[in-house]
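Structural features, examined
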Amino acid sequence: MMCQVEEEYHEQLERVDRPSVLKKCVKCKEELAAVLIRAGDAYCRSCFRESFIHKFRAMLGKTRVIFPGEKVLLAVSGGPSSCSMLSQVQEGVSQNAHKKLRFVPGIVYIEEGGTLGQSKELRRKTTSELCEMFRSTGFPFYILPLEQVLDLPGSVVAPSSLSDQPSSAYKTAVDHFLQSGSSAGVMAEEQKDVSLPAVQESQTQLLQQLLGSAKTLTAKQDLLSALRQHLLVHTARTKGYSKLMLGDSCTRLAVKLFTSISLGRGAQLAQDTGFSDCRYGDVIAVRPMREYSAKEIAYYNHMFKVPSFVIPSLDTKTPDKASIQRLTESFVTKLQADFPSTVSTIYRTGEKLQTACRSSSAAEDIDRCLLCVCSLDTVVEEASALQATLISEQLSQTKAPQTSVAVKSEPAAAVGQCCSSEGPCGRTEGAVGCYISPKEHEVTKLRKLLCYSCQRTIRDMSSVHHLPHYVLSEAQRRQNRSVMKKQISEFLLDDADEND
């Protein structure tokens, strides 16, 4: 129906009632609502607490990823989400819990003050405040400076074997746990007085050089996330933990989903945002806070006095366009303010992605990315979007030869041939007409060992020699193994031959 110019509106406009906390609780229908999570979801104090706790334990119960009696390492950063996760676990393993959590928890905190150039006094102060909170839980905890990532072994980026467990394994573990009794004595025995380990100034400088070699904040944050994950997995392995619990909220995962797509990590979305991430094989990362929005966590922490800390990071006080991660976060949060269903819609879309766990027997080390340890997404057909992107990039960087004499004087098969296996160049390293500069030859050697997103991160670095030793040594091991396999390929039997 079209509006008329001479039409008069004498009727009074109807006023729509906006959600208010003066309404009754939607669950008990008796008490007045104390918190409004979203339109139509107004809860009183007790019902909100009960719903918050139930959601956490239901997430762990329905997935059946964590077995009774299993050791689980909680990665606590000091932020609202991870501290709320710690509070839920602390209450869930207590003796008076209604549905008691049956795993053995531990805490790990990675101190990253060295990346920001903080003084030792400030780093100790922040660590001491966190240690007080960790001691109050009664769980064993570990304080690790990020500088320790420089001394990790190469095996941290090599996925271990993941044994397939039968469907009845969970029930068997429950029966065994009930027969053996509680695990409170184990936690009390492992509790120690932990503080920030001494960090050498040279290690801090090497870490700063590593992050400083990245030209963009996007690459720095990507690299820092990979290093942090390596240190968490190594700590879980060395301390005997088979599960790693992360505090990623629904809001954080919605931002991470958009960020991963923007960075070319579409093939890794299931591992990056799913409930369980089994890319490392023997250590499985779980995200039990993925059902909670940042608003819901903030309300719970404020109402029930859950302590959290404000710890600066690389993108603290940076503008929205400082990095892809920062821009995506600003976009999602601002859109959520105007359209409250934004985060939940993104989350539900990402929830449909299934995580496909692949054991090391099904995928060799060389088929995994050297940094993120996901399956390589660069092994594709010639007629693909990735190949079209690479060809376009090569053509845009090709340099025309100056003289025909210079091209003819090149040896046919030089020792320093740059990219005979990488692209159509085939010229000597640094020769006229080579589309790759001498500095990029170091990156070219690693390209086959990295996924597309990690390739972009490495290309933003001034030199790959700033990478940790365990990454470079593992890269050399894989390259040597690839060369050896190529040399003996004539003597190897294919799967088809073995079946015959």
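Definitions and limits used
Per chain, residue numbering runs from 1 following the sequence as it is written. Predicted model: local features are reported for residues with pLDDT of at least 70 only, side-chain atom pairs are reported and counted for 80 or more only, and whole-chain, interface and lining totals are derived from all residues. As a convention, hydrogens and water are excluded, and side-chain values are obtained from all of the structure's heavy atoms. Comment: elements are numbered from the N terminus, with helices defined as DSSP H or I runs of at least four residues and strands as E runs of at least two. The buried label goes to any residue with under 20% of its type's maximum accessible area, the exposed label to any with over 50%, and the partly exposed label to all in between, with areas taken from a 1.4 Å probe on protein chains only. Contacts: residue pairs with any heavy atoms within 4.5 Å of one another. Surface accessibility in these figures is a Shrake-Rupley result with a 1.4 Å probe; residues are shielded only by whichever protein chains are displayed. Strand pairing is assigned whenever DSSP identifies at least 2 bridges connecting the two strands. With the strands aimed away from the viewer, a crossover counts as right-handed if its path from the first strand over the helix to the second runs clockwise. Here a salt bridge means any side-chain nitrogen of Lys or Arg lying within 4 Å of a carboxyl oxygen belonging to Asp or Glu. What a helix should span is 1.5 Å times the count of its residues minus one. A pair of aromatic rings is counted whenever rings of Phe, Tyr or Trp (Trp by its six-membered ring) have centres within 6.5 Å, and the orientation is called stacked for planes under 30 degrees apart, edge-to-face for over 60 and tilted otherwise. Comment: the charge-over-ring label is applied if NZ (Lys) or CZ (Arg) is within 6 Å of the ring centre and within 35 degrees of the ring normal. As used in this structure description, the phrase polar contact means that two N or O atoms lie within 3.5 Å; if the pair is within protein, one of them must be able to donate a hydrogen and the other to accept it, and residues adjacent in sequence are counted only when both atoms belong to side chains. Here the axes come from fitting lines to C-alpha atoms, over the contacting stretch only for helices, and the angles between their N-to-C directions go from 0 to 180 degrees. Orientation is classified from the angle alone, with under 35 degrees giving roughly parallel, over 145 giving roughly antiparallel, 65 to 115 giving roughly perpendicular, and any other angle giving oblique. Residues are grouped as follows: nonpolar covers Ala, Val, Leu, Ile, Met, Phe, Trp, Tyr, Cys and Pro; charged covers Asp, Glu, Lys and Arg; every other residue, Gly included, is treated as polar. For every residue, the predictor assigns a confidence score, pLDDT, that lies between 0 and 100.

In this section: the overall build of the chain. Broken down by element type, the chain carries 18 helices and 8 strands. Within the chain, the fraction of its 500 residues that count as buried is 45%. Relative to all contacts within the chain whose residues are 6 or more apart in sequence, the contacts with residues 24 or more apart total 71%. For the chain, the exposed area adds up to about 27,700 Å²; of that, 53% sits on carbon and sulfur atoms.

Another point: the pairing of strand S5 (residues 141–145). Of all the 5 residues making up S5, 5 are buried; the element is thus mostly covered by neighbouring parts of the structure. Sheet topology note: the strand S4 (residues 104–111)/S5 ladder contains 5 bridges and is parallel. Bridge pairing links Tyr109 to Ile143 in S5. With helix H3 (residues 120–137) bridging S4 and its parallel neighbour S5, the resulting β-α-β unit is right-handed.

Here we come to the pattern of salt bridges. When the charged atoms of two side chains with opposite charge come close together, those side chains can pair. In the structure shown here, the tally under the stated rule is 19 salt bridges. With a shortest N-O distance of 2.5 Å, Glu91 and Arg49 are connected by a salt bridge. Taken together, the positions of Glu91 in helix H2 (residues 80–92) and Arg49 in helix H1 (residues 45–63) put the pair 42 residues apart, joining distant regions of the chain. A relative accessible area of 32% places Arg49 in the partly exposed class. The salt bridge partner of Glu474 is Arg478, with a shortest N-O separation of 3.0 Å. One end of the pair, Glu474, and the other, Arg478, are both in helix H17 (residues 469–487), 4 residues apart, so they sit about a helical turn from each other.

Helix length check: helix H7 (residues 217–239), at 23 residues, gives a terminal C-alpha distance of 33 Å against a target of 33 Å (1.5 Å per residue), a fit within 8%. Residue Gly240 follows H7 closely and has a positive phi angle near 85°.

Right, let's talk about the sheet that holds strand S3 (residues 71–75) for a bit. What holds strands together in a sheet is hydrogen bonding between their backbones, with the strands either parallel or antiparallel. One open sheet holds the 6 strands; their spatial order is S5-S4-S3-S6-S8-S7, and the pairing between them is mixed. The open sheet is flanked by S5 and strand S7 (276–277), the only strands paired with a single partner. Pairing of strand S6 (residues 243–245) with strand S8 (residues 284–286), which is carried by 3 bridges, proceeds in the parallel orientation. For Met245, the partnering residue across the bridge sits in S8 and is Val286.

Next up on the list: the packing of aromatic side chains. A complete count under the given rule lists 8 aromatic pairs for this structure. When the ring of Phe134 is compared with that of Phe141, the centres are 5.7 Å apart and the planes differ by 50°; the resulting orientation is tilted. The same class applies to Phe134 as to Phe141, namely buried. Between Tyr300 and Phe304 the ring centres are 4.8 Å apart and the planes differ by 40°, which places this aromatic pair in the tilted class. Each residue in the set Phe48, Phe52, Tyr292, Tyr300 and Phe304 is aromatic and connected to the rest through ring pairs, giving one cluster. Positioned over the ring face of Phe304 is Arg49, at 5.9 Å from the centre of the ring.

Turning our attention to the side chain of Thr318. You can see Thr318 is positioned in the loop between helix H10 (294–303) and helix H11 (324–338). Among the polar contacts made by the side chain of Thr318, one reaches the main-chain carbonyl oxygen of Asp315 at a distance of 2.6 Å. Apart from the residues within four sequence positions on either side, Thr318 is in contact with Leu217 and Arg326.

Look at helix H6 (residues 201–212) against H7: their axes get within 9 Å of each other, and the N-to-C directions meet at 135°. As summarised for this structure, H6 and H7 are arranged oblique, according to the angle between their axes. Judged by residue contacts, Leu210, Leu211 and Gly212 of H6 engage Lys220, Leu223, Leu224 and Leu227 from H7. When the residues that make up the contact of H6 with H7 are grouped by side-chain class, the tally is 5 nonpolar, 1 polar and 1 charged.

What follows deals with the environment of Leu327. With respect to the helices and strands, the residue Leu327 is situated in helix H11. Taking C-alpha positions, Leu327 is 9.6 Å from Val255, a pair spaced 72 residues apart along the chain. Aside from chain neighbours lying at most four places away, what touches Leu327 is Asp320 and Lys321.

To continue, consider the confidence of the model for the chain. Note: predicted coordinates in regions of low pLDDT should not be interpreted at a detailed level. For the chain, mean pLDDT is 81; residues scoring 70 or higher make up 75% of the total. This stretch, residues 183–190, has a pLDDT under 50; its non-local contacts, to residues over four places away or in other chains, come to 12 contacts. Predicted confidence is poor over residues 403–424, with pLDDT under 50, and the contacts of this stretch with residues over four places away or in other chains come to 35 contacts.

For the rest of this paragraph, the subject is unusual backbone geometry. Positive phi values are uncommon outside glycine, yet Arg64 reaches one of about 55°. Tracing the chain through its elements places Arg64 in the loop between H1 and S3. Residues other than glycine seldom take positive phi values, yet Lys317 does so here, at roughly 60°. Among the residues examined, Lys317 registers a relative accessible area of 85% and is labelled exposed.

The next point concerns the environment of Arg326. Take Arg326: it is sitting in helix H11. In this structure, the C-alpha to C-alpha distance between Arg326 and Gln221, residues 105 residues apart in sequence, is 9.8 Å. Other than its neighbours up to four places away in sequence, Arg326 contacts Asp315, Thr318, Pro319 and Asp320.

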